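Here is what each chain is made of, one letter per residue.
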Amino acid sequence: MKNGGKTFVFGQVSDRDFVVEKLCELLAQLKTESEDLVSQSSGSASQTSSQTSGVVGGPVEIQASADTFQVTEPLMTIFRESVDLTTEAVKEILWEKHGAEFGTGISIYRTEETTNLISKGIPNKWRREVWMTFSGAILDMQRNTGYYAALADSSLQVKSLANDEIERDLHRSLPEHPAFQANNKIGIEALRRVLSAYAARNPQIGYCQAMNIVCSVLLIYSSEEEAFWLLVAICERLL
């Protein structure tokens with residue numbers, strides 16, 4: 001397997017057969033879902049999309065309205081944080097060196113050095129990529145194109161206990177961070193959409209206190225859609 005001029009020999013992996021089998025399963029699944037999306041797009045003149053995703057509560061049907069919102073990019077690109085620039089620069093150099101040797105993103109070759117770098121702290125610039133890759137959220141997002149936007153749009157139009165609880169906690173989410181203060185709507189609105197969308201996706205969990213804090217941190221370093229899929233990974237696989 002080659003990536004950026006580097007060759008990875010699967011024969012050196014102790015559980016090679018398992019890895020290859022999982023890769024084949026993912027590729028087959030991506031191909032099937034791509035064919036499904038193509039067949040669905042033939043009837044998209046009404047601007048209504050229906051998608052399903054396997055969750056604890058079963059498939060979710062989504063009706064996407066014509067009025068779509070603009071997905072927020074990582075809040076750290078809008079609100080600059082006060083960090084030790086020297087420390088961040090050193091970490092970035094180490095991660096760039098590791099990426100040049102072992103690849104980046106879903107093609108990264110994980111080594112003992114990868115674990116050491118993570119334990120030392122991931123630089124802000126690299127967090128979204130590392131989180132998305134190692135949690136598997138990047139695969140969920142790629143397999144469900146348009147799922148989050150449609151779900152977030154529809155979930156906000158529903159009156160529910162989860163949405164009421166989310167609304168009460170919005171301004172308690174990292175109030176010291178400028179993105180989540182009362183005079184700033186960008187962070188608050190993105191947080192509302194992500195939490196409401198997840199509560200609609202997984203009614204068995206819905207909304208729990210402290211999810212707003214976790215999601216706020218995800219939104220600082222990741223885009224709004226990435227934060228949603230990271231929340232999915234945390235709640236449905238990692239915990």
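Check the entry above for the structure.
Just so we're clear, the structure is a prediction, and the values are computed from it rather than from any experiment. (Residues numbered from 1 in each chain as written. Predicted model: local features only at pLDDT ≥ 70, side-chain atom pairs only at ≥ 80, totals over all residues. Heavy atoms only, no water.)

## Some details on the nonpolar core
In step 1: With 38 residues, the main nonpolar core has F180, L195, L219, F228, W229 and L231 as its most contacted residues.
In step 2: At the level of elements, α5 (137–143), α6 (147–155), α7 (161–169), α8 (185–201), α9 (211–221) and α10 (224–238) are the ones that each hand at least two residues to this core.
In step 3: The element that contributes the greatest number of residues to this core is α8, accounting for 8 residues.
In step 4: The residues contacting L219, other than those within four sequence positions of it, are P74, L75, F180, G187, A190, L191, V194, E224 and A227.
In step 5: Judged by nonpolar contacts, the second largest core, of 5 residues, contains W95, I122, W126 and V130. (Core = buried A, V, L, I, M, F, W, Y, C linked by side-chain atoms within 4.5 Å. Buried < 20%, exposed > 50% of the residue type's maximum accessible area, 1.4 Å probe, protein only. Helix = DSSP H or I, 4+ residues; strand = E, 2+ residues; numbered from the N terminus. Contact = heavy atoms within 4.5 Å.)

## Things to note about the pattern of salt bridges
In step 1: With the rule as written, the count across this model stands at 9 salt bridges.
In step 2: A salt bridge links K125 to E96; the nearest nitrogen and oxygen atoms lie 3.7 Å apart. You can see K125 sitting in helix α4 (residues 124–135) and its partner E96 sitting in helix α2 (residues 85–102), a full 29 residues away along the chain.
In step 3: By relative accessible area, which is 39% here, E96 ends up partly exposed. (Salt bridge = Lys/Arg side-chain N within 4 Å of Asp/Glu carboxyl O.)

## Points about α9
In step 1: Along α9, 8 of the 11 residues are buried, which leaves the element largely enclosed by surrounding structure.
In step 2: Residues M211, N212, C215, S216, L218, L219, I220 and Y221 constitute the buried set of α9.
In step 3: Residues of α9 that are buried make contact with α4, α7, α8 and α10.

## Thoughts on the packing of aromatic side chains
In step 1: Going through the model one piece at a time under the given rule, you end up with 6 aromatic pairs.
In step 2: Aromatic side chains Y147 and W229 sit 5.4 Å apart centroid to centroid with 35° between the ring planes, which places their arrangement in the tilted category. Here Y147, found in helix α6, pairs with W229, found in helix α10; they are 82 residues apart in sequence, far enough to count as distant. For the pair shown, Y147 and W229 are each scored as buried.
In step 3: Arranged with centres 5.0 Å apart and planes meeting at 75°, the rings of F228 and W229 form a pair that is edge-to-face.
In step 4: Its relative accessible area of 0% is what places F228 among the buried residues.
In step 5: Aromatic rings pair up to connect Y147, Y148, F228 and W229 into one cluster.
In step 6: Between R127 and the ring centre of Y221, over which it is positioned, the NZ or CZ distance is 4.6 Å. (Phe/Tyr/Trp six-rings, centres within 6.5 Å; stacked < 30°, edge-to-face > 60°. Lys NZ or Arg CZ within 6 Å of the ring centre and 35° of its normal.)

## As for unusual backbone geometry
In step 1: With a phi angle near 45°, L174 is a residue other than glycine that sits in the positive phi range.
In step 2: Structurally, L174 is set in the loop between α7 and α8.
In step 3: The phi dihedral of A210 is positive, around 90°, even though this residue is not glycine.
In step 4: The exposure class of A210 is partly exposed, given its relative accessible area of 43%.

## A closer look at α4
In step 1: For α4, built from 12 residues, the straight-helix expectation of 16 Å at 1.5 Å per residue is met to within 8% by its first-to-last C-alpha distance of 17 Å.
In step 2: Turning to α4, its buried residues are N124, W126, V130, M132, T133 and S135.
In step 3: If you follow the buried residues of α4, they end up packed against α2, α5, α9 and α10. (Expected span 1.5 Å × (residues − 1).)

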